[in-house]
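# Observations on chain architecture
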Amino acid sequence: MQNSNESILVHICCSVDSHHFLTELRALYPNARLVGYFYNPNIHPYEEYQLRLLDVARSCAMLGVELIDESYDVTTWLCATEGQEDAPEKGERCGICFSMRLGKSAQKAKELGIAHITTTLLTSPLKPQAELFALGEAIASDSGLCFVALDCRSNGGTQKQQNRAKQDRLYRQNYCGCFYALQSQRERAGKNPSEMFCPIAQSRYLEYPIHQRIATYTRRIELEREKIPYHLYKKQQSFYYPFFTRLTDSKQNLLPCYTLTHSLSLSRQPLRKQKIQICMLHNDIGYTDKQAMFITLSTFNALCHTRYASIAQLLFAPPPLSREIAVRRAIEDIDYGLSLILVVQEFALHQSFTLSHYALLQEETIESLLLLGAQDSHKDSGNF
Ligand code: SF4
């Protein structure tokens, strides 16, 4: 850069990369105006995008860097990468993804009358730096701009980046961004991509990890604004993900039913149908010849102290998880029961059904807040 007072448009991918990159760029060009540009339609799902943006905004505020949030045009990204779904990380799909983000950054710089562009992707030790330098130079020169090719990985740069991320307690994602990378990362870890799961009931959002994380990091910004001391820590938690239940009677009529939380599948294959029959009635519970039980909606209401008028109402507005766990405990008389418990309008002894059910219980690592104020010590953020 010839004139150190000029502006640089910095494409930002995530806070762990941008915090270090912007700090180094600022040290190199102390008089330049840095404009952060968050354009990442490659981040899936949208909640993860929101979370990364939230932490980038916090980092930019700490560093005094202005930030532009570009629209989330995920459809354009999906169309551009069509046919490259199975490409490995650092393969062809990533080349398209980098070009798209850098191309849009160049377009934005021109719109704003900024002559220099760069990207925080250069910081990531997982990205091909030489390829990004070449691509950045080519895209910038095609638009009549200059590319600032900053290497802040060498000479202990990556270690410095890690230290900064730790010191400022930045949000660390554990996959690059897109669904394809997430899927292969989870496959390697023997897990499911739970970030992509979403409950049908709005009241259950906070019972899924990605929504818990957003609540935690949003709360953290509030605590910092109010100058309330806190500690951000990680914990292991098991999460229940119901996918579907299909219950039919002996004439193949579909029956409305609700699956109680923590009901695990009878079979590991999602679409496997099982024949079940109620062989015993005891205390309003229908016991079957498999590890499945039935209760009526009125029994559920009595045990849960609710007044649901229909199964559909229960499906779309279930009670808090803790109340449902209490219902399960009352039925099974054990603390960690995982039997399949179905809530239906009515049933009878010897009645037969065909059932397909699929659900997962998966262990996840999530962040949590410990408030360190005198009155709030040992208390969580209170979101969950
Ligand atoms: S792995 Fe990362 S760089 Fe590659 S396509 Fe996915 S989001 Fe883009």
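### Re the site of the ligand
- Inspection of the region around the ligand gives Asn42, Glu89, Arg93, Cys94, Cys97, Cys176, Gly177, Cys178, Tyr180 and Ala181 as its neighbouring residues.
- Going through the elements one at a time, helix H4 (92–112) and helix H7 (179–188) are the ones with two or more residues in the shell around the ligand.
- Here the shell around the ligand gets three residues from one element, more than from any other, and that element is H4.
- Class assignment of the residues belonging to the shell around the ligand gives a composition of six nonpolar, two polar and two charged.

### Concerning helix H9 (residues 297–304)
- Along H9, the residues classified as buried are Leu297, Phe300 and Cys304. Buried residues along H9 cover an arc of 55 degrees about the axis, so they all sit on one side.
- Along its buried surface, H9 packs onto strand E10 (292–296), helix H10 (311–316), helix H11 (321–332) and strand E11 (340–344).
- His305 sits one or two positions beyond H9 and adopts a positive phi of about 60 degrees.

### Things to note about helix H1 (residues 15–28)
- An ideal rise of 1.5 Å per residue puts 20 Å on 14 residues; H1 measures up with 19 Å between its terminal C-alpha atoms.
- Among the residues of H1, those classed as buried are Ser15, Val16, Asp17, Ser18, His19, His20, Phe21, Leu22 and Leu25.
- Where H1 is buried, its residues meet strand E1 (7–12), strand E2 (33–38), helix H2 (46–63) and helix H6 (157–167).

### Section: the environment of Leu122
- Among the secondary structure elements, Leu122 is positioned in the loop between strand E4 (116–119) and helix H5 (129–142).
- According to the C-beta neighbour criterion, Leu122 is buried, with 21 such atoms within 10 Å.
- Taking the C-alpha atoms as reference, Leu122 lies 7.7 Å from Cys152; in sequence the two are 30 residues apart.

### Some words on the environment of Cys178
- Among the structural elements, Cys178 can be located in the loop between H6 and H7.
- Separated by 81 residues in sequence, Cys178 and Cys97 place their C-alpha atoms 9.6 Å apart.
- Setting aside its immediate chain neighbours within four residues, Cys178 contacts Asn42 and His44.

### Side note on the nonpolar core
- Judged by nonpolar contacts, the single largest core of 40 residues is most densely connected at Leu9, Val10, Leu34, Tyr37, Ala106 and Ile117.
- With 22 residues, the next largest nonpolar core counts Leu260, Cys304, Leu340 and Phe353 among its residues.

### Considering the packing of H2 against helix H8 (residues 209–225)
- At a minimum axis distance of 10 Å, the contact between H2 and H8 shows a crossing angle of 20 degrees. In terms of axis orientation, H2 runs roughly parallel to H8. Where H2 crosses over H8, the two elements pack in a sense that is left-handed. Two secondary-structure elements touch here, H2 through Glu47, Glu48, Gln50, Leu51, Leu54, Asp55 and Arg58 and H8 through Ile210, His211, Arg213, Ile214, Tyr217, Thr218 and Ile221.

### A word on the domain arrangement of the protein
- The domain architecture assigned to the protein consists of domain 1 (7–177) and domain 2 (238–364).
- A separation of 47 Å is found between the C-alpha centroids of domain 1 and domain 2.

### Focus on the environment of Ile221
- For Ile221, the location among the structural elements is in helix H8.
- Residue classification places Ile221 among the partly exposed residues on the basis of 14 C-beta atoms within 10 Å.
- Sequence separation of Ile221 and Val327 is 106 residues, and the distance between their C-alpha atoms is 36 Å.

The rules behind these values
- Residues numbered from 1 in each chain as written.
- Predicted model: local features only at pLDDT ≥ 70, side-chain atom pairs only at ≥ 80, totals over all residues.
- Near = placed C-beta within 6 Å.
- Helix = DSSP H or I, 4+ residues; strand = E, 2+ residues; numbered from the N terminus.
- Nonpolar A, V, L, I, M, F, W, Y, C, P; charged D, E, K, R; others polar.
- Buried ≥ 20, exposed ≤ 12 C-beta atoms within 10 Å, placed from the backbone.
- Arc of directions from axis to C-beta.
- Contact = placed C-beta atoms within 7 Å.
- Expected span 1.5 Å × (residues − 1).
- Core = buried A, V, L, I, M, F, W, Y, C linked by C-beta atoms within 7 Å.
- Axes fitted to C-alpha atoms, helices over the stretch in contact; angles between N-to-C directions.
- Parallel < 35°, antiparallel > 145°, perpendicular 65-115°, else oblique.
- Left-handed = near helix turned anticlockwise from the far one by under 90°.
- Domains from an automatic or database assignment.

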